[in-house]
Amino acid sequence: AGHRGQEAPGAAGIPVCEVRTLITAPPGWVLVEADYSQIELRVAAALSKDRAMRMAFQTGEDIHTKTAMAVTGLPAEKIDKEMRKKAKAVNFGFVYGMGAAKFRNYAKVKYGVDLTEEEAYEFRKRFFELYPHLPEWHERQRRFVTTHGYVRTPIGRKRRLPEIMSNDKALRSGAERQAVNSPVQGAASDMNLFAAIRIAKAFPDDVRIIATVHDAVLMEVRESKVEEILPQIKQLMEDREAVFDTFGWDIPVPLEVEIKVGPWGAGKVFNLE
């Protein structure tokens with residue numbers, strides 16, 4: 001399957017997004033996808049202690065619009081859909097310290113965004129001016145893995161990276177990248193799995209967990225209970241106190257979950273109001 005947001009063709013030349021719609025629920029049930037919004041950026045904000053990034057999430061500011069304003073120099077009302085799309089690539093590319101040259105290819109492949117070499121370097125420069133604590137965090141992670149040979153997620157799971165001791169520069173560089181990526185992606189996975197377990201325990205007769213996919217929980221919900229259960233699922237997944245009570249991790253930014261109902265990849269956003 002392609003990266004989230006991609007519509008890469010499958011083996012038969014059919015876009016992955018169309019293949020996904022074949023996955024639905026049996027009679028009497030509906031397919032539900034509960035998706036953590038921007039979870040990796042939220043975790044990165046927590047771990048890096050970057051004030052600007054934390055403040056954006058704490059105040060409900062759209063992080064992609066905020067970045068778009070910084071890299072373009074335009075006010076919020078001038079940021080259009082295409083600018084926000086570029087900013088999305090910027091956020092998810094540079095949050096882990098990606099270089100400008102690699103970022104050009106990443107933006108093209110993952111988001112269909114074409115950038116000149118000059119734009120890539122300028123975007124990277126402005127991104128780290130906006131979020132100056134991110135590179136400091138990257139350096140802390142590189143020092144830690146060099147000293148200890150592993151990194152940890154916020155709840156304590158270890159990712160061992162023995163390649164950091166290699167004489168091969170490429171292997172060492174890869175371990176340094178994983179030292180930054182793994183705690184964030186591992187934490188996002190931890191929270192998603194934790195949410196899936198809590199949902200299964202809370203609704204044993206009315207919810208059937210199908211899978212966890214990236215930062216989403218895919219499940220079948222009894223059709224007659226949808227209106228009652230989905231608001232509770234959202235509240236459960238956004239519950240930071242439960243994460244603290246279970247793992248001792250005090251997440252300093254809010255969590256947000258979007259719920260869609262219907263065939264996978266073609267579900268409609270469930271209105272909780």
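The structure contained in this document is the topic of the report that follows. (Residues numbered from 1 in each chain as written. Predicted model: local features only at pLDDT ≥ 70, side-chain atom pairs only at ≥ 80, totals over all residues. Heavy atoms only, no water.)

### Some remarks on the sheet that holds strand β7 (residues 268-269)
- An order of β4-β5-β1-β6-β7 is seen for the five strands of this open sheet, with the pairing classed as antiparallel. Looking at which strands have only one partner, the edges of the open sheet turn out to be β4 (207-213) and β7.
- With five bridges connecting them, strand β1 (residues 29-36) and strand β6 (residues 257-261) associate as antiparallel partners. Bridge assignment links Ala34 to a residue of β6, and that residue is Ile259. (Pairing = 2+ DSSP bridges. Helix = DSSP H or I, 4+ residues; strand = E, 2+ residues; numbered from the N terminus.)

### Details of the packing of aromatic side chains
- Tallied over the full model, the rule gives nine aromatic pairs.
- Here the aromatic rings of Phe94 and Phe127 are separated by 5.8 Å at their centres, their planes lie at 50 degrees, and the arrangement is tilted. Of this pair, Phe94 sits in helix α5 (residues 81-94) while Phe127 sits in helix α7 (residues 117-130), placing them 33 residues apart in sequence.
- Looking at Phe94, the relative accessible area reads 0%, which means it is buried.
- On the basis of an interplanar angle of 80 degrees and a centroid distance of 5.1 Å, the ring pair of Phe127 and Phe128 is categorised as edge-to-face. There is no split in this pair, since Phe127 and Phe128 are both buried.
- An aromatic cluster of at least three residues, connected via ring pairs, comprises Phe94, Phe103, Tyr106, Tyr111, Phe127, Phe128 and Tyr131.
- Just above the ring of Tyr150 sits the side chain of Lys158; from NZ or CZ to the centre is 4.3 Å.
- Over the aromatic face of Trp29 sits the side chain of Arg208, whose NZ or CZ is 3.7 Å from the ring centroid. (Phe/Tyr/Trp six-rings, centres within 6.5 Å; stacked < 30°, edge-to-face > 60°. Buried < 20%, exposed > 50% of the residue type's maximum accessible area, 1.4 Å probe, protein only. Lys NZ or Arg CZ within 6 Å of the ring centre and 35° of its normal.)

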